[in-house]
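Each chain, written out:
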Amino acid sequence: MNEDESLRRYGLRPSSADLPQIGQVLLAEAERDQQDQDTELMKLCCLQLFNAGQLSDALVIWRAKESSFDAHCSIDVQLLCGAGLAATKAHLEADGSADAADALRYLLECEATGDFDGFSAAEQSRWRADYYLT
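All figures in this text were calculated on a predicted structure; none of them were measured in a lab.

> Can you help me understand helix α8 (residues 121-133) in this one?
Count 3.6 residues to each turn of an α-helix, and residues three or four apart come out pointing the same way. Compared with an ideal rise of 1.5 Å per residue, which puts 13 residues at 18 Å, α8 spans 18 Å between its outermost C-alpha atoms and is within 8% of the ideal. Buried within α8 are the following residues: Gln 124, Ser 125, Arg 128, Ala 129 and Tyr 132. Along the axis of α8, the buried positions cluster into a sector of 130 degrees, meaning they face one direction only. The inward-facing, buried residues of α8 abut α1 (3-10) and α3 (39-52).

> Help me understand empty space enclosed by the protein, please; the structure alone is not making it clear to me.
The probe, sized like a water molecule, is rolled over the atoms to show the empty space still left. Per the counting criterion, the structure on display carries one cavity of 30 Å³ or more. Of the pockets and cavities examined, the largest cavity occupies roughly 50 Å³. Gln 54, Ala 58, Leu 80, Gly 82 and Ala 83 are, among the 13 residues lining the largest cavity, the residues nearest its centre. Elements that contribute at least two residues to the lining of the largest cavity include exactly α3 and α4 (57-65). If you tally residues by element for the lining of the largest cavity, the top one is α4, at three residues. Looking at the lining of the largest cavity residue by residue, the classes come out as eight nonpolar, four polar and one charged.

> Just to check I follow, could you spell out the packing of helix α6 (residues 85-95) against helix α7 (residues 98-112) for this structure?
Working note: a packed helix pair is described by the angle between its axes plus the distance between those axes. The contact between α6 and α7 brings their axes to 8 Å, and the two run at 145 degrees. Handedness of the crossing formed by α6 with α7: left-handed. Counting all contacts with α6, which are made through Leu 85, Thr 88, Lys 89, Leu 92, Glu 93 and Asp 95, the residues of α7 involved are Ala 100, Ala 103, Leu 104, Leu 107, Leu 108 and Glu 111. Broken down by class, the residue content of the contact of α6 with α7 amounts to seven nonpolar, one polar and four charged.

> What is the right way to look at the pattern of salt bridges in this model?
Side chains carrying opposite charge are able to pair once their charged atoms draw close together. The final tally for this structure, using the stated rule, is eight salt bridges. Among the ionic pairs, Asp 102 bridges to Arg 105, the shortest N-O distance being 2.8 Å. Here Asp 102 pairs with Arg 105, and both are found in helix α7, just three residues apart, close to one helical turn. Among the residues examined, Asp 102 registers a relative accessible area of 34% and is labelled partly exposed. Glu 123 serves as the salt-bridge partner of Arg 126, at 2.5 Å between the closest nitrogen and oxygen. On the criterion of helical spacing, the pair formed by Arg 126 and Glu 123 is a turn pair, its members being three residues apart in helix α8. With relative accessibility at 37%, the residue Glu 123 sits in the partly exposed group.

> Which parts of the structure should I look at to understand the packing of α3 against α4?
The contact between α3 and α4 brings their axes to 10 Å, and the two run at 165 degrees. Put simply, α3 runs roughly antiparallel to α4. The handedness of the crossing between α3 and α4 is left-handed. Side by side, α3 and α4 meet where Met 42, Cys 46, Leu 49 and Phe 50 of the first sit next to Asp 57, Val 60, Ile 61 and Ala 64 of the second. Each residue belonging to the contact of α3 with α4 can be placed in one class, and the counts come to seven nonpolar, no polar and one charged.

> Hey, could you run me through the side chain of Lys 43 in this one?
Relative to the assigned elements, Lys 43 resides in helix α3. Lys 43 gets classed as buried once you look at its relative accessible area, which sits at 19%. Apart from the residues lying within four places of it in its own chain, the contact partners of Lys 43 are Ser 74, Ile 75, Leu 79 and Tyr 132.

Each value, and the rule that gives it
- Residues numbered from 1 in each chain as written.
- Predicted model: local features only at pLDDT ≥ 70, side-chain atom pairs only at ≥ 80, totals over all residues.
- Heavy atoms only, no water.
- Helix = DSSP H or I, 4+ residues; strand = E, 2+ residues; numbered from the N terminus.
- Expected span 1.5 Å × (residues − 1).
- Buried < 20%, exposed > 50% of the residue type's maximum accessible area, 1.4 Å probe, protein only.
- Arc of directions from axis to C-beta.
- Contact = heavy atoms within 4.5 Å.
- 1 Å grid on protein atoms, 1.4 Å probe; cavity = no way out; pocket = protein on both sides within 12 Å on 5 of 7 lines; lining within 4 Å.
- Points joined across faces, edges and corners; volume = space filled by probe spheres on them.
- Nonpolar A, V, L, I, M, F, W, Y, C, P; charged D, E, K, R; others polar.
- Axes fitted to C-alpha atoms, helices over the stretch in contact; angles between N-to-C directions.
- Left-handed = near helix turned anticlockwise from the far one by under 90°.
- Salt bridge = Lys/Arg side-chain N within 4 Å of Asp/Glu carboxyl O.
- Parallel < 35°, antiparallel > 145°, perpendicular 65-115°, else oblique.

So this is what it looks like as structure tokens:
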């Protein structure tokens, strides 16, 4: 699957029934060697999961982001926060896993540098949709 196929099949706001498949596509790409990853497809999958706003997807997106240098640079940290910044931080803190602690630490560092100033999941979704649909 590539970015265009995913966009045609699932759109930017996929049904809840499609979310597991999107997560599988994302994690399959994350497991590839860096030179074989399709970071554009990964970024779209992250946006699709972000738009669903499920806290459980924050770590899926984090694992994809951390799968390679290119993925880390391509997948914006804001995409972890489809359920909102405060809810995502609380979820990661409560999770207790090493991945969640790393994600929370990075999120807090990014927040401290201003990466979340004026953050709104709805606004993020809107301007990212403009990118894909125009």
